[in-house]
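Architecture and fold: a report
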Amino acid sequence: MYFTDRGIEELSTRRGEEEVSFEWLADQLRTFVDLNPEFEVPVERLATWLARLDDDE
């Protein structure tokens, strides 16, 4: 188990029943990066990975 799994588990437990749009998620990611610019690269990689999930490899 990775350390980040704790945060993922908390997210699932606290908000797992909610439905959100990708627009809402994008807004939250932008806000997070504005508040925490040192995480710009990992957030960019996550966003790109999510955007390309259905692409053929």
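Computed from a predicted structure; not experimentally measured.

To continue, consider the pattern of salt bridges. Summed over the entire model, instances satisfying the criterion amount to three salt bridges. Glu18 is the salt-bridge partner of Arg15, the closest N and O atoms lying 3.0 Å from each other. Owing to a relative accessible area of 39%, Arg15 belongs among the partly exposed residues under this scheme. Across the pair Asp27 and Arg30 runs a salt bridge whose closest N-O atoms are separated by 2.8 Å. Residue Asp27 and its partner Arg30 are located together in helix H2 (residues 22-35), separated by three residues, close to a single helical turn. By relative accessible area, Arg30 is classed as partly exposed at 48%.

According to the stated counting rule, one finds one aromatic pair in the structure shown. Look at Phe32 and Phe39: their rings are 5.6 Å apart centre to centre, the planes differ by 40°, and that puts the pair in the tilted class. Its relative accessible area of 37% is what places Phe39 among the partly exposed residues.

This brings us to the confidence of the model for the protein chain. Detailed reading of the predicted coordinates is not advisable wherever pLDDT falls low. Scored by pLDDT, the protein chain has a mean of 92; 93% of the residues are at 70 or more. By mean pLDDT, the top-scoring element of the protein chain is H2 (97), and the lowest-scoring one is helix H1 (residues 4-15) (89).

We now examine a nonpolar patch on the surface. Together, Leu46, Trp49 and Leu53 give the surface a local cluster of nonpolar side chains, amounting to about 330 Å² of exposed area. The topology assignment puts Leu46 in helix H3 (residues 40-51). Classification of Leu46 as partly exposed rests on a relative accessible area of 40%.

Moving on to the environment of Phe3. Inspection of the secondary structure assignment puts Phe3 in the segment before H1. As for Phe3 and Arg30, which are separated by 27 residues in sequence, their C-alpha atoms are 23 Å apart.

Further remarks concern the packing of H2 against H3. Where H2 meets H3, the closest approach of the two axes is 10 Å, and the angle between their N-to-C directions is 165°. Looking at the two axes, H2 sits roughly antiparallel to H3. For the element pair H2 and H3, the recorded crossing hand is left-handed. For the pair formed by H2 and H3, the contact residues are Leu25, Leu29, Phe32 and Val33 on the first element and Glu40, Val43, Ala47 and Leu50 on the second. Within the contact of H2 with H3, the residues separate by chemical class into seven nonpolar, no polar and one charged.

Thresholds applied
- Residues numbered from 1 in each chain as written.
- Predicted model: local features only at pLDDT ≥ 70, side-chain atom pairs only at ≥ 80, totals over all residues.
- Heavy atoms only, no water.
- Salt bridge = Lys/Arg side-chain N within 4 Å of Asp/Glu carboxyl O.
- Buried < 20%, exposed > 50% of the residue type's maximum accessible area, 1.4 Å probe, protein only.
- Helix = DSSP H or I, 4+ residues; strand = E, 2+ residues; numbered from the N terminus.
- Phe/Tyr/Trp six-rings, centres within 6.5 Å; stacked < 30°, edge-to-face > 60°.
- pLDDT = per-residue confidence, 0-100.
- Patch = residues over 30% accessible without salt bridge, like charges linked within 9 Å, V, L, I, M, F, W, Y side chains within 5 Å.
- Areas by Shrake-Rupley, 256 points an atom, 1.4 Å probe, with all protein chains shown as cover.
- Axes fitted to C-alpha atoms, helices over the stretch in contact; angles between N-to-C directions.
- Parallel < 35°, antiparallel > 145°, perpendicular 65-115°, else oblique.
- Left-handed = near helix turned anticlockwise from the far one by under 90°.
- Contact = heavy atoms within 4.5 Å.
- Nonpolar A, V, L, I, M, F, W, Y, C, P; charged D, E, K, R; others polar.

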